Amino acid sequence: MIRKRQTCVLFLFLVLSASVFAQDQDVRSVVDYKVNKMKTELNLTYTQADAIRPIIKDYLIRRQAFLQEAAGQGIIDHVSVKGTLRGLKENEYQKLSKILSEDQMKKWINKENLMAALNPDRVESTVDEGVGLTGNGANFKF
């Protein structure tokens, strides 16, 4: 009886570990893809690419966690979800604007807005009416 419990606990542990590992692999591959795309599109330096990697990863992890939590709540307030996603994107852009030049930021935001327009079913919000960059970071209009 004890051996069966130990086997079940071990099996459960392995399944959960594999699930977490798979999610981590998914995030890592998306981060790699996005950073490589930004390197190409924005002609990033190695220093810039290394600096943006944790920002992109943090955004993706927070977004994924929020969407999983929202999905588990049953009835979803879409206005609230969209507002939270906008806040996460704005936070990401604020951090990126401290690493990227003004031209690189504008080009990347335009690229993301174009991709969002071409994929209207995407949950992420877009930035409207351009960007104003200040000494403190970016001023975005949603």
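The model shown is predicted, which means the values in this text are computed figures rather than measured ones.

Next up on the list: unusual backbone geometry. Within the chain, Asn 43 stands out as a residue other than glycine whose phi angle is a positive 55°. For Asn 43, the location among the structural elements is in the loop between α1 (2-42) and α2 (46-71).

Attention now moves to the packing of aromatic side chains. All told, the structure shown has 0 aromatic pairs when counted by the stated rule. For the cation-ring pair, Lys 89 lies above Tyr 59, with the distance from its terminal atom to the ring centre recorded as 4.3 Å.

Predicted coordinates in areas of low pLDDT are best not read in detail. Of the residues in the protein chain, 66% have a pLDDT of 70 or more, and the chain-wide mean is 78. Within the protein chain, strand β1 (residues 128-134) has the poorest average pLDDT of any element, 47, and α2 the best, 94. Scored below 50 in pLDDT, residues 5-22 shows 0 contacts in the model against residues more than four places distant or in partner chains. pLDDT under 50 marks residues 125-131. Its contacts with residues more than four places away, or in other chains, come to 21 contacts.

Calculation notes
- Residues numbered from 1 in each chain as written.
- Predicted model: local features only at pLDDT ≥ 70, side-chain atom pairs only at ≥ 80, totals over all residues.
- Heavy atoms only, no water.
- Helix = DSSP H or I, 4+ residues; strand = E, 2+ residues; numbered from the N terminus.
- Phe/Tyr/Trp six-rings, centres within 6.5 Å; stacked < 30°, edge-to-face > 60°.
- Lys NZ or Arg CZ within 6 Å of the ring centre and 35° of its normal.
- pLDDT = per-residue confidence, 0-100.
- Contact = heavy atoms within 4.5 Å.

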